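The chain contents come next:
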Amino acid sequence: MRWWEMASDNAEKVVRMMAEGRQLFHALVRRLAMLDGRVFHIALAVLLGVGIVLSYGLHQEQHMKGSIYDWMTRHRFHTPQPDPEVVILDIDEKSLALLSSEFGLWPWPRDVLGAVLAELEAQQAQAVVFDILFSDPDKKNPVSEQAFSDVIASSKRSFFSVLRLNPDNDDKSQIRASDMPGLIQPQPGESPSPARTFALVPPYFATAVATGRLGTLNIQPDSDGVIRRYHLWEDIDGWRIPSLPQRLANDLGWPQQAHENQLLQWMDKPLAHRRISFADLYQDSQKKNKRRPRDEFKGKIVVIGATAASLFDVKGSPLSFVHPGVDVLATAIDNLKNQQFLREIPVWVQLPVVFGLLLLMVCLSLHYSREQLEFAFLVAPAILLLIAYLSMNTLYTFVDLSMSASVALIYFTVAKLYSVLMRQYWSGEAPFGIKMDAGKTYRVICLAAIMGRPQGVLGLEMRFLRLISRYASHAKGSIGLGKGIGWLQPALNKILIATWVCPVDDAQALDRMHVEATALREKIAEEFASQQLPQPSLLERTMFVDSVATDTEASLRSMILDSVQALTTTHQQDQQASMNDALHHQGS
């Protein structure tokens, strides 16, 4: 077979597949059109409801929630002010450079840290928090190690970090709860076994462990690697292991949180708290004539940590992908001290809100036309997200409406597409129009019904579609009025139109369209009886289709408009007669 023959065969296959696809699509649309619109909207709501339950069950909503939280955090118009009592003593690039000539590269001999700790103790700092793990000894500088240990032993305000390892390794650890009384404590009302072991990396210095001022430094990001929450403690088998911020709260008498997992309230930017270069304080502490104020750190909570990029202590946060870890710790301490963690609406409240929204959307879709809900798919999510945004800025509460906003967007978008498709089908717009062959004669029936009330009838579109799909499945809502002017335009003018077209030589089709027209006329009058509408009118004509399609379309448009005009004239005459009767009775 030659290549052009193969190309021809392939083209024929593509054309055949496209034709089959169109037939299948038309069949599916027809089945959908025969379905009660109420069933579609309720089924859509149920499907979304099931998806919501599954997403919450599988925690799939967390990524979307996190993204909304991140955006709102970056674009707040009101942010909390950093607590002036929380100060970061920064091991920055400047400190590494200034001290490198004397002590070499990081890590420095620990008596350097000891000298700063002693200075802060002398200035009566409220707390000195080390965002540094002292997990291994410095065997090259034993004298320095002892000097630091001695400073720790005399310290009353220092707090040290502990690394919490994977709990799955607890049974492999030799550290028992009784070995860390300052860190591992029984939960309120519990009497757990003191022999229970925990996988931990405590400070190497026994003097630091002996102080009991210990807390874990583990920061647990969400699945996307972004830190949004801070875990204040860990409860396991009756024991409680506090984090460093919680350790401070316990010792300094701050109010206790009800839950361990708290949503962070970030400042307006990273490193918003006051920062002092570590090298500046260290060098000043070594001088006889100190230049810095002697009470500079009195009553302050000093967090010692690194922002130097070369030390790689960076995390991902809503504010930055390279957020210094020491600032995360300082933010958590600030939030806990000042009770500024963001409050959250629990899931058991969120779910009823989402399901209530689904019910409201179904009611709106059944009672209002597509034009009346034209921008609902944008307005509804925008309003929900605005509520969440304002609550974060004014109430320090993160009202997570991301799921509700997504549901509103999906529902109204699908409902709008459904409405467009149904209108195209029932109005005979391409590709669902009635085929009229040239040279044939057709019988056309046009039914018109006026809705009367100036404000229209609630649920008009859905009610009319339901009637025409049930009692006149071979009719079209309005044909040939021009692109963009289907049956809806008369409907918006309080007029409903249905049109049937069939060949004059098809007796069965003629009988069927007369039966459908009569049934639909009766049902419209019955459905809208409370509106006291005039009786729908029927107009029947014979139409010959010549070879010019535009002339046929014009003839059909003319007939439809004649029926509308006749109905409108009759209605106006009835209204005038009613007014005359009323004036006559008043005159009597």
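Residues numbered from 1 in each chain as written. Predicted model: local features only at pLDDT ≥ 70, side-chain atom pairs only at ≥ 80, totals over all residues. Heavy atoms only, no water.

Q: What is the right way to look at the overall build of the protein chain in this model?
A: Helix and strand counts for the protein chain come out as 17 helices and 19 strands. The proportion of buried residues among the 588 residues of the protein chain is 47%. Counting only carbon and sulfur atoms, one obtains 57% of the accessible surface of the protein chain, whose full area is about 29,400 Å². (Helix = DSSP H or I, 4+ residues; strand = E, 2+ residues; numbered from the N terminus. Buried < 20%, exposed > 50% of the residue type's maximum accessible area, 1.4 Å probe, protein only. Areas by Shrake-Rupley, 256 points an atom, 1.4 Å probe, with all protein chains shown as cover.)

Q: Would you mind showing me how to read the pairing of strand S12 (residues 301–306) here?
A: Of all six residues in S12, six are buried; the element is thus mostly enclosed. Along S12, one buried face is formed by Ile301, Val303 and Gly305 and the opposite face, lined by Val302, Ile304 and Ala306, is buried too. Pairing of strand S1 (residues 86–91) with S12 involves six bridges; the strand directions are parallel. The residue bridging Asp90 from the neighbouring strand is Gly305, located in S12. In terms of strand pairing, strand S2 (residues 127–130) meets S12 through four bridges, oriented parallel. Its bridge partner lying in S12, Val128 is registered against Val302. (Pairing = 2+ DSSP bridges.)

Q: Explain helix H8 (residues 244–252) here, please?
A: For the α-helix, the turn length of 3.6 residues means that residues three or four positions removed from each other point alike. Within the span of H8, buried status applies to Leu244, Pro245, Gln246, Arg247, Leu248 and Ala249. Note on H8: the residue one or two positions beyond its end, Gly253, has a positive phi of about 75°.

Q: Which parts of the structure should I look at to understand a nonpolar patch on the surface?
A: Among the surface-exposed residues, Phe375, Leu378, Val379, Ile383 and Ile387 lie close enough to one another that they form a single nonpolar patch of about 470 Å² accessible area. By relative accessible area, Ile387 is classed as partly exposed at 42%. (Patch = residues over 30% accessible without salt bridge, like charges linked within 9 Å, V, L, I, M, F, W, Y side chains within 5 Å. Salt bridge = Lys/Arg side-chain N within 4 Å of Asp/Glu carboxyl O.)

Q: Explanation requested: the nonpolar core in the structure shown.
A: Nonpolar side chains in soluble globular proteins tend to be buried together. Counting residues in each nonpolar core, the largest one holds 54 residues, and the members touching the most others are Tyr411, Ile468 and Trp500. Counting residues per element, this core draws most heavily on helix H13 (residues 402–427), at twelve residues. Beyond its immediate stretch of four places on either side in the chain, Trp500 contacts Arg443, Val444, Ile445, Leu447, Ala472, His474, Ala475, Met513, Glu516, Ala517 and Leu520. With 45 residues, the next largest nonpolar core counts Val116, Phe134, Ile236 and Ala306 among its residues. (Core = buried A, V, L, I, M, F, W, Y, C linked by side-chain atoms within 4.5 Å. Contact = heavy atoms within 4.5 Å.)

Q: How do you make sense of helix H5 (residues 111–122) when you look at a structure like this?
A: The end-to-end C-alpha distance of H5 is 16 Å, a good match for the 16 Å that twelve residues give at a rise of 1.5 Å each. Of the positions making up H5, those classed as buried are Val112, Leu113, Gly114, Val116, Leu117, Glu119, Leu120 and Glu121. Positive phi appears at Gln124, one or two residues downstream of H5, with a value of about 60°. (Expected span 1.5 Å × (residues − 1).)

Q: Looking at this structure, I do not really get unusual backbone geometry. What am I missing?
A: Excluding glycine, residues mostly have negative phi values, and the peptide bonds linking residues are mostly trans. With an omega of 5°, the peptide bond running from Trp106 to Pro107 counts as cis. You will see that Asp237, though not glycine, has its phi angle at about 50°, which is positive. Of note, Asp237 is situated in the loop between strand S8 (233–236) and strand S9 (239–242).

Q: Can you walk me through the pairing of S2 in this structure?
A: Regular strands place side chains that alternate from one sheet face to the opposite one. Residues Ala127 and Val129 of S2 are buried on one face, and the alternating residues Val128 and Phe130, pointing to the opposite face, are buried as well. Alignment of S2 against strand S3 (residues 158–164), held across two bridges, turns out to be parallel. Opposite Val128, over in S3, you have Ser158 as the bridge partner. Chirality of the crossover, the property in question, places the unit of S2, helix H6 (residues 142–154) and S3 among those that are right-handed. (Right-handed = clockwise from strand over helix to strand, strands pointing away.)

Q: Help me understand the environment of Pro245, please; the structure alone is not making it clear to me.
A: Counting through the fold element by element, Pro245 comes out in helix H8. In the structure, Pro245 is positioned twelve residues away from Trp233 in sequence and 9.2 Å away in space, judged by C-alpha atoms. Sequence-distant contacts of Pro245, that is, excluding residues within four places in its chain, are made with Tyr230, Trp254, Leu329, Ala332, Ile333 and Leu336.

Q: What am I meant to see in the packing of aromatic side chains here?
A: When we look at a pair of aromatic rings, we describe it by the centre distance and by the angle of the planes. This model, assessed by the stated rule, comprises 16 aromatic pairs. When the ring of Tyr69 is compared with that of Phe398, the centres are 5.6 Å apart and the planes differ by 70°; the resulting orientation is edge-to-face. Of this pair, Tyr69 sits in helix H3 (residues 61–74) while Phe398 is found in strand S16 (residues 397–398), placing the two residues 329 residues apart along the sequence. You can call Tyr69 buried: its relative accessible area is 1%. Exposure remark for Phe398: the relative accessible area of 1% places this residue in the buried category. Three or more aromatic residues joined by ring pairs form one cluster here, namely Phe130, Phe134, Phe148, Phe160, Tyr204 and Phe205. (Phe/Tyr/Trp six-rings, centres within 6.5 Å; stacked < 30°, edge-to-face > 60°.)

Q: What is the right way to read the packing of helix H4 (residues 93–103) against helix H9 (residues 278–285) from this model?
A: To characterise two packed helices, one gives the angle between the axes of the helices and the distance between these axes. Packing of H4 against H9 brings their axes to within 7 Å, and their N-to-C directions diverge by 45°. With respect to H9, the axis of H4 lies oblique. Residue-level inspection shows Lys94, Ser95, Leu98, Leu99, Glu102 and Phe103 of H4 in contact with H9, the latter providing Phe278, Ala279, Asp280, Tyr282 and Gln283. The residue makeup of the contact of H4 with H9, split by class, is six nonpolar, two polar and three charged. (Axes fitted to C-alpha atoms, helices over the stretch in contact; angles between N-to-C directions. Parallel < 35°, antiparallel > 145°, perpendicular 65-115°, else oblique. Nonpolar A, V, L, I, M, F, W, Y, C, P; charged D, E, K, R; others polar.)

Q: What exactly am I supposed to notice about the pattern of salt bridges here?
A: Side chains that differ in charge, positive against negative, can pair when their charged atoms come close. The final tally for this structure, using the stated rule, is 26 salt bridges. Here Lys94 ties to Asp280 by a salt bridge, and the two come within 2.9 Å at their closest N and O atoms. Separated by 186 residues along the polypeptide, Lys94 in helix H4 and Asp280 in helix H9 bring together distant segments of the chain. Given the relative accessible area of 24%, Asp280 is considered partly exposed. Its salt-bridge partner being Asp170, residue Arg164 comes within 2.8 Å of it at the nearest N-O pair. For the pair Arg164 and Asp170, one class covers both residues: buried. It is possible to trace a salt-bridge network through shared partners that takes in Arg164, Asp170, Arg196, Glu234 and Asp237.

Q: Explain the sheet that holds strand S4 (residues 185–186) here, please?
A: In any sheet, the strands associate via hydrogen bonds between backbone groups, in a parallel or an antiparallel arrangement. One open sheet holds the three strands; their spatial order is S4-S9-S8, and the pairing between them is antiparallel. The outermost strands of the open sheet, each flanked by one partner alone, are S4 and S8. Note: S8 against S9, four bridges, orientation antiparallel. Residue pairing across strands places Ile236 opposite Trp239, the latter belonging to S9. Sheet strands in contact with H8 are S4, S8 and S9, and its direction is about 100° off that of S9.

Q: I tried to follow the side chain of Arg164 on my own but got confused; where do I start?
A: For Arg164, the position within the fold is in strand S3. Sequence-distant contacts of Arg164, that is, excluding residues within four places in its chain, are made with Asp170, Phe198, Ala199, Leu200, Thr216, Asn218, Glu234, Ile236 and Ile241.

Q: Please explain the environment of Ser473 as it appears in this structure.
A: As for its position among the elements, Ser473 is in the loop between helix H14 (460–471) and helix H15 (488–492). Accessibility expressed as a relative area gives 18% for Ser473, which makes it buried. Here the alpha-carbon distance between Ser473 and Trp500, two residues 27 residues apart in the chain, equals 9.9 Å. Not counting residues up to four positions away in its chain, the partners in contact with Ser473 are Arg30, Met34, Trp426, Ile468 and Glu516. In terms of polar contacts, Ser473 uses its side chain to reach the side chain of His474, at 3.3 Å. (Polar contact = N/O pair within 3.5 Å; in protein donor to acceptor, adjacent residues only side chain to side chain.)

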